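The primary structure of each chain is shown beneath.
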Amino acid sequence: MKAIISPSYGSYHNLQLVTDFAKPTEIPKGNILVKTHAVALAPGDVRVLSGACKEFQGPPSFPYIPGGDLCGTVVDMNNVDPSTVGFNVGDRVAARFTKGPRDALAEYAHISPKMTYKVPENLTSEDAAALASSATIALCLSQRITPNERVIIMGAGGGVGSHLCQILRIKGVKCIAAASHDPDRMLKEPLLCNYALDYNKHDVYDFQEWKRAIMTGDADNDGDDDAAAVEQFDTVIDLAGGGWLRLLEQQQKQQKQQQQQQQQQQQKKPMMLVKPANQGGRYLTLVPDSYEYEMHNMWQFLQVMLFPSLYRAIYSRTIGKPSLPAYTFAMSLDNKIDLLKETLQLASDHKLKACVDNRGPFPFTTQGAQDAFQLQQSRQVRGKVVIQTAGM
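Quantities reported herein were computed from a predicted structural model and do not represent experimental measurements. (Residues numbered from 1 in each chain as written. Predicted model: local features only at pLDDT ≥ 70, side-chain atom pairs only at ≥ 80, totals over all residues. Heavy atoms only, no water.)

Structural notes on the overall build of the protein
The condition that has to hold: Each helix is a run of DSSP H or I of at least 4 residues and each strand a run of E of at least 2, with the numbering of both proceeding from the N terminus. Three labels apply to residues, based on accessible area from a 1.4 Å probe with only protein chains included: buried if under 20% of the type maximum, exposed if over 50%, partly exposed otherwise in between. By definition, residues are in contact when any of their heavy atoms lie within 4.5 Å. To be clear on the numbers: accessible area is Shrake-Rupley with a 1.4 Å probe, and residue cover counts the displayed protein chains and nothing else.
Check the secondary structure of the protein and you find 11 helices and 14 strands. Across its three principal directions, the C-alpha atoms of the protein cover 80 × 45 × 40 Å. Here the protein holds 392 residues, and 54% of them are scored as buried. Restricting to contacts in the protein with at least 6 residues of sequence separation, those with at least 24 account for 73%. When the accessible surface of the protein is summed, it comes to about 17500 Å², and 48% of that surface belongs to carbon and sulfur atoms.

With respect to the sheet that holds strand 11 (residues 235-238)
Rule in force here: Here, strands pair whenever DSSP counts at least two bridges between them. To define axes, lines are fitted to C-alpha atoms, for helices over the stretch in contact only, and angles between the resulting N-to-C directions are given on a 0 to 180 degree scale.
The strand order across the open sheet formed by 6 strands is 10-9-8-11-12-13, and the pairing between neighbours is parallel. Only two strands of the sheet have a single partner each, and these edge strands are strand 10 (195-198) and strand 13 (326-329). In this sheet, adjacent strand axes meet at a mean angle of 15 degrees when their direction is disregarded. Where strand 9 (residues 175-180) lies against strand 10, 4 bridges are found, and the strand directions are parallel. Bridged to Ser180 within strand 10 is Asp198. Relative to the sheet, helix 7 (residues 207-216) contacts strand 8 (150-154), strand 9 and strand 10, its axis offset from that of strand 10 by approximately 120 degrees.

A short note on the packing of helix 4 (residues 125-142) against helix 10 (residues 337-348)
Two numbers describe a pair of packed helices, the interaxial angle and the distance between the axes. Using the following cut-off: Here is the rule for angles: anything less than 35 degrees is roughly parallel, anything more than 145 is roughly antiparallel, 65 through 115 is roughly perpendicular, and the remaining ranges are oblique. Nonpolar residues are Ala, Val, Leu, Ile, Met, Phe, Trp, Tyr, Cys and Pro. Charged residues are Asp, Glu, Lys and Arg, and all others, Gly as well, are polar.
Between helix 4 and helix 10, whose axes approach to 9 Å, the crossing angle comes to 105 degrees. By the criterion of interaxial angle, the relationship of helix 4 to helix 10 is roughly perpendicular. Two secondary-structure elements touch here, helix 4 through Leu131, Ala132, Ala135, Thr136, Leu139 and Cys140 and helix 10 through Leu339, Leu340, Glu342, Thr343, Leu344 and Ala347. Across the contact of helix 4 with helix 10, the residue classes break down as 9 nonpolar, 2 polar and 1 charged.

Remarks on the side chain of Gln251
Tracing the backbone through its elements, the reader meets Gln251 in helix 8 (residues 243-263). Residue Gln251 is classed as buried on the basis of its relative accessible area of 10%. For Gln251, the contacting residues outside a window of four places in its chain are Met272, Ser323 and Leu324.

Examining the nonpolar core
Cut-off, in case you're wondering: Each nonpolar core is a collection of buried residues, namely Ala, Val, Leu, Ile, Met, Phe, Trp, Tyr and Cys, held together in the definition by side-chain atoms within 4.5 Å.
Judged by nonpolar contacts, the single largest core of 50 residues is most densely connected at Leu131, Leu141, Ile153, Leu168, Met186, Ile237 and Leu286. Taken together, the elements giving at least two residues each to this core come down to strand 3 (32-40), helix 4, strand 8, helix 5 (159-171), strand 9, helix 6 (183-187) and helix 10. With 11 residues, helix 4 is the single largest residue contributor to this core. Among all residues touching Ile237, those that are not within four sequence positions of it are Leu141, Ile145, Val151, Ile152, Ile153, Met154, Leu164 and Leu284. Among the nonpolar cores identified, the runner-up in size contains 41 residues, and Val39, Leu41, Ala109 and Ile387 belong to it.

As for the pairing of strand 11
Neither face of strand 11 is exposed, since Thr235 and Ile237 on one face and Val236 and Asp238 on the opposite face are all buried. As paired elements, strand 8 and strand 11 share 4 bridges and run parallel to each other. Bridging across to strand 11, Ile153 finds its partner in Ile237.

Focus: the environment of Arg212
Its place among the elements puts Arg212 in helix 7. When the C-alpha positions of Arg212 and Val230 are compared, they lie 8.9 Å apart, and in sequence the two are 18 residues distant.

Description of the side chain of Asp45
With respect to the helices and strands, Asp45 occurs in helix 1 (residues 43-50). The residues touching Asp45, leaving out its near neighbours within four places in the chain, are Ala40, Tyr64, Gly67, Gly68, Pro101 and Phe373.

Digging into the packing of aromatic side chains
Selection criterion: The aromatic pairing rule takes the rings of Phe, Tyr and Trp, using the six-membered ring of Trp, and pairs them if the centres are within 6.5 Å, calling planes under 30 degrees apart stacked, those over 60 edge-to-face and the rest tilted. As a reminder, the over-ring test applies to NZ of lysine and CZ of arginine, requiring each to be within 6 Å of the ring centre and within 35 degrees of the ring normal.
Tallied over the entire structure, the rule returns 9 aromatic pairs. Between Phe62 and Tyr64 the ring centres are 6.0 Å apart and the planes differ by 80 degrees, which places this aromatic pair in the edge-to-face class. Exposure remark for Phe62: the relative accessible area of 33% places this residue in the partly exposed category. For Tyr64, a relative accessible area of 3% corresponds to the buried category. Feature note: the residues Tyr9, Phe62 and Tyr64 constitute an aromatic cluster, connected by ring pairs. The ring of Tyr108 has Lys23 sitting right over it, with the charged end atom 4.1 Å from the ring centre. In this arrangement the basic side chain of Arg150 is found over the ring face of Phe233, its NZ or CZ atom lying 5.1 Å from the centre.

Quick look at the packing of helix 4 against helix 5
Defined as follows: In this scheme the handedness of a crossing depends on how the near helix is turned from the far one: anticlockwise by less than a right angle means left-handed, clockwise means right-handed.
It is the contact of helix 4 with helix 5, at a shortest axis distance of 8 Å, that shows an interaxial angle of 50 degrees. By the angle between their axes, helix 4 is oblique relative to helix 5. Remark: the crossing between helix 4 and helix 5 carries right-handed chirality. Across from Ala130, Leu131, Ser134, Ala135, Ile137, Ala138, Leu139, Leu141 and Ser142 in helix 4, the residues of helix 5 making contact are Gly159, Val160, His163, Leu164, Ile167, Leu168 and Lys171. Among the residues forming the contact of helix 4 with helix 5, the class breakdown is 11 nonpolar, 4 polar and 1 charged.

Next comes the structure, spelled out in structure tokens:
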């Protein structure tokens, strides 16, 4: 069968299309076999290829087939009871990986049925793969947000952010602001954020930057004077990484400014982008401080994933409560099938639009795979990067 493979760890230059890769004959117990139509890339696919976390996410052998999130047609149920999963041979399904992001970029792939569901007929395979990959995470994350919050999303232009903006709007969240490299896109259909700024041109963690942009109409479409809307945000959702360190910088600046204002008997002006924890402010993130992290042993895992998050969660709810938002590492890679069901239904009902980067879908070729992975690695994605492995 055709497959995109990598003979070793490295960069996207390693990827190549082969036509004689062995089709899966022995399907692991509990898995099913699908003929793939489209594969949606995620940051984890680039990380696995690089070998940055090979001891935790590396393939068992080389060459390996990258990619984990897909849409395809079931060809073998492998004794999985159709009545327990809601689909059967011949059905088109969308799937998000549950063990490791690999084996999807091939004509055939064996997948777990745990996070797999039948695709409505009015959705394309490319859209279904994108929705399974990122919109399910966005939906899970949205469950932490209430309608009366003012929310700002950092790194909102990618797969999770593009779908999160829509889902929060569906929930009726009163104010959604976005920091992105393409703010114009964030203000248009289907995202329709209230405000957006380019993080390449503005310090998006500086509250005064947002205040000026909102007051002058530079952060929205209508250009109106939204003076009444210039309030601190209730919640920061950081999808880009490093935001907590920026908030600490702003905290120090605000403390210095307040000391100067007290000496000059001036009225205190808030500098922090988000309200402190004692006023209900929150900071949610899905990523560590550095987006490009490495973990090769358990100690490094604890240093990257556990220790900073645990300390910040405790500190921001105790000593730092008057000046910092409550920190939460909001792991949202939940394998509840209801998340995938609801996501696909929202899209089928035309309430949620799958966001596929318009530079794709990329072809199922060596060059197509390399271009797709290069774009994913650039972190300048507009929605999801999708590779079309076969036509319907």
